[in-house]
Amino acid sequence: MAYPYLTIDLSKIQHNARTIVNLCRSHDIEVTGVTKATCGNPDVAMAMLRGGVSSIGESRMENIHRLKAAGIQTSFMLLRVPPLSGVEEVVKTVDLSLNSELSVLRALSQAAQGSGHKHDVILMVELGDLREGIPPEDLLEFMREASELPNIRIKGLGTNLACFGGVVPNEGHMNRLAGLAKEVEEKLGLQLPLISGLNSSGLELIGSKEMSGKINHARIGEAILLGRETIHRRPWPGTYQDAFLLHAEILELKKKPSMPIVERGEDAFGGLPTFKDDGDIERALLNVGREDVTVEGLTPLDSGVTILGGSSGYLVVDVSRAKGSYRVGEELSFLLNYSALLRASTSEYVKKRPVNEMLPKES
Ligand SMILES: *Cc1c(COP(=O)(O)O)cnc(C)c1O
């Protein structure tokens, strides 16, 4: 296969999903598997479903269409709040969406009536991360109006933490969400079956004794894909961190100075690179670059290889102390962080290669 390409070990993703689902299940928490960092890759969704997730969450309609076209049969949750301009497509395509605007809910209601659909929603509450969500003080009034909209079924409350503001979720946030749900249920006589409080940043909270038992739904992407919780990015016990590997080809391999010799200006991306003088080093040029991947999010599989930097089409690495010996035309492989994975998934230049497709059946 032409380089660069991304291998996707589906058995590792299935295993990671199973590990996270089992953890959550033991605390009565249902898991929606989030495929957005793979641009809605159908093989990845299948692996997650085999691993026991109960539905698939995505942030983009294009990805949901891709999954459906590939024959993935499950319920789909739209994680990014729907655009006012796209409500018809949303009610026709997804089973449930996360929401925070009444005008959008009204439009969803109209579209659902028009096409004869019922549309399920989870209302998002702002608990401090300052991305999507209804301020808690507005929630009751919001709910009162939303609950009267025809063809809209309010399934529950949710919150999202860590992703934007880096707010570390704690028991206080979860108890606040559970308390708000209880208040809504009591004051408005509604039933809220889903309380969706967690993403991969909340894994450590799940076992906590102070955590409200009312939280019963999690939307998990990174912990399944990359095997890490997202507060400290620590490997999660019993999961693989290398389900995805990026492979690139060595285009040039030469001994050159570690420091540029003349006066320098900005690099191609407006940065002023810094260099350490190590004398002459063995430098390899690879055929993957900033257009395809977040260079800072790559870790060479060969621990003796050091990434020196990248431009749009090249990655430059120091292989002087490499464990392996390399030649032009051979490959180097890299682990990816979330940002690098997202970019590699989005780049049409990076081919995707699922591996271990023949899996033993899991019970
Ligand atoms: C992306 C996303 C998730 C998944 O987050 P991870 O950190 O990958 O687990 C969950 N909820 C919402 C609303 C999201 O946008």
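Residues numbered from 1 in each chain as written. Predicted model: local features only at pLDDT ≥ 70, side-chain atom pairs only at ≥ 80, totals over all residues. Heavy atoms only, no water.

Some words on the environment of T19
Here is the rule: Helix and strand definitions follow DSSP, with helices as H or I runs of at least four residues and strands as E runs of at least two, each counted in order from the N terminus. Any two residues whose heavy atoms approach within 4.5 Å are treated as being in contact.
When you line up the elements, T19 lands in helix α1 (residues 10-25). Residues T19 and L78, 59 residues apart in the sequence, show an inter-C-alpha distance of 24 Å. For T19, the residues in contact, after removing those within four places along its chain, are P237, G238 and T239.

Considering the site of the ligand
What counts is decided by this rule: Any residue with a heavy atom positioned within 4 Å of a molecule or strand is treated as near that molecule or strand. For this analysis, a polar contact is any N or O atom pair within 3.5 Å, provided that within protein one partner can donate a hydrogen and the other can accept it, and provided that sequence-adjacent residues contribute only side-chain to side-chain pairs. Where accessible areas are quoted, they stem from the Shrake-Rupley method and a 1.4 Å probe; at the residue level, only the protein chains shown are allowed to cover. Using a 1 Å grid laid over the protein atoms alone, points where a 1.4 Å probe fits but cannot get out form a cavity; open sets with protein on both sides within 12 Å along at least 5 of 7 lines form a pocket; any residue with an atom within 4 Å of a point counts as lining. Placement in a cavity or pocket follows one criterion, namely that more than half of the molecule's atoms lie within 2 Å of its grid points. Charged residues are taken to be Asp, Glu, Lys and Arg, nonpolar residues to be Ala, Val, Leu, Ile, Met, Phe, Trp, Tyr, Cys and Pro, and polar residues to be all remaining types, Gly included.
In the vicinity of the ligand there are 13 residues, among which K36, S200, R219, G221 and E222 approach most closely. Residue S200 places a side-chain N or O atom 2.5 Å away from an oxygen atom belonging to the ligand. Compared with its free state, where it exposes 390 Å², the ligand has 95% of that area covered by protein. Applying the majority rule of atoms within 2 Å of the grid points places the ligand in the largest pocket. Classifying every residue of the shell around the ligand gives 4 nonpolar, 4 polar and 5 charged.

Let's talk about the layout of surface pockets
Leftover empty space is mapped by rolling, across the atoms, a probe with the size of a water molecule. Using the following cut-off: Grid points are joined across faces, edges and corners, and a volume is the space filled by probe spheres set on the points. The domain boundaries here were taken from an automatic or database domain assignment.
There is about 750 Å³ of room inside the largest pocket. Along the walls of the largest pocket sit 29 residues, with V34, K36, R131, C163 and Y338 positioned nearest its centre. Sorting the residues of the lining of the largest pocket by element identifies α3 (61-69), β9 (217-220) and α10 (338-346) as the ones contributing at least two each. If you tally residues by element for the lining of the largest pocket, the top one is α10, at 3 residues. In terms of residue class, the lining of the largest pocket is made up of 11 nonpolar, 9 polar and 9 charged. Inspection of the lining of the largest pocket shows a minimum of three residues originating in each of domain 1 (10-225) and domain 2 (244-354). Within this model, the second largest pocket holds a volume of roughly 440 Å³.

Quick notes on the side chain of T239
If you trace the backbone, T239 turns up in the loop between α9 (222-225) and β10 (244-257). Those residues in contact with T239 that lie beyond four places of it in its chain are H15, N16, T19, I20 and G227.

Considering the domain arrangement of the protein chain
Stated formally: Throughout, buried area stands for the accessible area (probe radius 1.4 Å) lost by two parts on being put together, summed over both. Whenever Lys or Arg places a side-chain nitrogen within 4 Å of a carboxyl oxygen from Asp or Glu, that contact is recorded as a salt bridge.
Once the domains are mapped, the protein chain shows domain 1 (10-225) and domain 2 (244-354). Relative to domain 2, the C-alpha centre of domain 1 lies at a distance of 37 Å. Across the interface of domain 1 and domain 2, roughly 770 Å² is buried in total on both sides, 72% from carbon and sulfur atoms. For the domain 1 face of the interface with domain 2, the top three residues by lost area are A37, C39 and E222, together amounting to 49%. Counting across the domain 1 and domain 2 interface gives 0 salt bridges. Between the two partners, domain 1 and domain 2, sit 1 residue pair in polar contact (both at pLDDT 80 or more). Contributions of two or more residues to the side of domain 1 that touches domain 2 are made by α1, α2 (42-50) and α9. Looking at the side of domain 1 that touches domain 2 residue by residue, the class counts come to 6 nonpolar, 1 polar and 3 charged.

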